[in-house]
Amino acid sequence: MAVVFVAASKLPTPFAEFTMHGFLDEETGKEHVALTLGDVADGEPVLGRLHSECLTGDALFSQRCDCGAQLEAALHAIAAEGRGVLLYLRQEGRGIGLLNKIRAYQLQDGGADTVEANEQLGFAADLRDYSICKPMLDHLGIHSLRLMTNNPRKVNAVQGFGVVVSERKPLQVGENSHNRLYLATKANKLGHWLGREHQDEHHD
Ligand SMILES: Nc1nc2c(ncn2[C@@H]2O[C@H](COP(=O)(O)OP(=O)(O)OP(=O)(O)O)[C@@H](O)[C@H]2O)c(=O)[nH]1
Ligand SMILES: [Zn+2]
């Protein structure tokens, strides 16, 4: 896997002052980022989030999805613990890219759900490849995660490349009138653990 570390710097945010580590995937040219807080290389399981890029949700306040709220909640939780990692992965639109995601949204505006829209465009429902995380986590000295996600495929992928998931922490935030159907489709068609029965009582 040709994902190489390039440089690190401080990244002050409203949540905490993180360290930002930049990586280059030499195969795809994609630039990925890891934010860390505290000593993540001490061998203890690390509170972590593998966050897939969503320009619309993370930066443009879109309410079509829950990504922005999840990003904020994850950084908040890491700051509250004083230790953790967030990998910001440039896999926009579950791997189909921004422009195809806009095409998919156009189909959804016409009645398709998130999975049907991808299929109508000739893509599988989820094209993400999480193996890029392994060299990033190795570089950071992280071998065990307390993973914040509602996505069973993400847990399987992490375990599949040899990083322990010592705990799975729900990240159910940001539901609104615009994304209710989207969230229901994720639960019904993509197998996400969403709904009251999956909520964590101690969730931040
Ligand atoms: N193709 C497509 N991608 C979308 C759509 N809505 C959000 N995304 C992308 O989906 C990715 C986020 O994935 P989600 O399925 O929402 O959540 P997840 O990361 O699998 O699971 P969590 O860890 O629980 O958040 C981001 O890359 C978004 O850009 C959509 O309608 N179509
Ligand atoms: Zn999103």
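Cut-offs applied
Residues numbered from 1 in each chain as written. Chains lettered and ligands numbered in written order. Predicted model: local features only at pLDDT ≥ 70, side-chain atom pairs only at ≥ 80, totals over all residues. Heavy atoms only, no water. Helix = DSSP H or I, 4+ residues; strand = E, 2+ residues; numbered from the N terminus. Rg over C-alpha atoms; globule rule 2.2 N^0.38 Å. Contact = heavy atoms within 4.5 Å. Areas by Shrake-Rupley, 256 points an atom, 1.4 Å probe, with all protein chains shown as cover. Lys, Arg positive; Asp, Glu negative; His and termini not counted. Charge placed at Lys NZ, Arg CZ, Asp CG, Glu CD. Pairing = 2+ DSSP bridges. Core = buried A, V, L, I, M, F, W, Y, C linked by side-chain atoms within 4.5 Å. Buried < 20%, exposed > 50% of the residue type's maximum accessible area, 1.4 Å probe, protein only. UniProt positions renumbered as here; feature names shortened; annotations may be inferred. Polar contact = N/O pair within 3.5 Å; in protein donor to acceptor, adjacent residues only side chain to side chain. Near = heavy atom within 4 Å. Phe/Tyr/Trp six-rings, centres within 6.5 Å; stacked < 30°, edge-to-face > 60°. Lys NZ or Arg CZ within 6 Å of the ring centre and 35° of its normal.

**Focus: the overall build of the protein chain**
Move 1: A tally of regular secondary structure across the protein chain gives 7 helices and 7 strands.
Move 2: Start at the N end of the protein chain and walk to the C end: the helices and strands fall as β-β-β-β-α-α-β-α-α-α-β-α-β-α.
Move 3: Against the compact-globule benchmark of 17 Å for 204 residues, the protein chain has a radius of gyration of 17 Å, which places it among compact chains.
Move 4: In the protein chain, the share of contacts with a sequence separation of at least 24, taken over all contacts with a separation of at least 6, comes to 61%.
Move 5: Surface accessibility of the protein chain: about 10000 Å² in total, with carbon and sulfur atoms responsible for 51%.
Move 6: Taken together, the 20 basic and 27 acidic charged side chains of the protein chain have centroids lying 4 Å from each other.

**Looking at the pairing of strand β2 (residues 17–25)**
Move 1: With 9 bridges joining them, strand β1 (residues 3–12) and β2 adopt antiparallel strand pairing. The residue of β2 that forms the bridge with Lys-10 is Thr-19.
Move 2: Taken together, β1 and the strand that follows it, β2, pair antiparallel across an intervening segment of 4 residues.

**Considering the nonpolar core**
Move 1: By size, the foremost hydrophobic cluster in this structure holds 23 residues, and its most contacted members are Leu-87 and Leu-145.
Move 2: Contributions of two or more residues to this core are made by β4 (46–52), β5 (84–89), α5 (133–140), β6 (144–148) and α6 (152–160).
Move 3: Setting aside its immediate chain neighbours within four residues, Leu-87 contacts Val-33, Ala-34, Arg-49, Leu-50, His-51, Cys-133, Met-136, Leu-137 and Leu-140.
Move 4: Of all hydrophobic cores here, the second largest spans 15 residues; its members include Leu-35, Leu-86, Tyr-88 and Leu-171.

**A word on the UniProt feature "active site" (unreviewed entry) in the protein chain**
Move 1: On the UniProt side, "active site" (unreviewed entry) is annotated at positions that read Asp-126 and Arg-128 here.
Move 2: On the basis of relative accessible area, Asp-126 is assigned to the buried category, the value being 15%.
Move 3: Sequence-distant contacts of Asp-126, defined by excluding residues within four places in its chain, comprise Arg-94, Asn-151 and Arg-153.
Move 4: Take Arg-128: it is sitting in the loop between α4 (114–120) and α5.

**Details of the environment of Glu-92**
Move 1: For Glu-92, the location among the structural elements is in the loop between β5 and α3 (98–109).
Move 2: When its relative accessible area of 6% is taken as the criterion, Glu-92 is described as buried.
Move 3: If near-sequence neighbours (up to four positions away) are discounted, Glu-92 is found in contact with Glu-53, Cys-54, Leu-55, Gly-97, Leu-98 and Lys-101.
Move 4: At 2.7 Å, the side chain of Glu-92 and the side chain of Lys-101 are in polar contact.

**Quick look at the site of ligand 1**
Move 1: The immediate surroundings of ligand 1 are formed by 24 residues, with Glu-53, Thr-149, Asn-151, Lys-154 and Lys-186 found nearest.
Move 2: For ligand 1, an oxygen atom lies 3.0 Å from a polar atom in the side chain of Arg-94.
Move 3: Relative to its unbound accessible area of 650 Å², ligand 1 is 99% covered by the protein chains.
Move 4: If you list the elements that add at least two residues to the shell around ligand 1, you get β4, α3, α4 and α7 (180–189).
Move 5: For the shell around ligand 1, the element with the most residues is α3, which contributes 3 residues.

**A closer look at the packing of aromatic side chains**
Move 1: One pass over the structure, following the stated rule, counts 1 aromatic pair.
Move 2: Arranged with centres 5.8 Å apart and planes meeting at 65 degrees, the rings of Phe-5 and Phe-23 form a pair that is edge-to-face. Here Phe-5, found in strand β1, pairs with Phe-23, found in strand β2; they are 18 residues apart in sequence, far enough to count as distant.
Move 3: The class for Phe-23 is buried, based on a relative accessible area of 3%.
Move 4: Lying over the aromatic face of Tyr-105, Arg-64 brings its terminal NZ or CZ to 4.1 Å of the ring centre.

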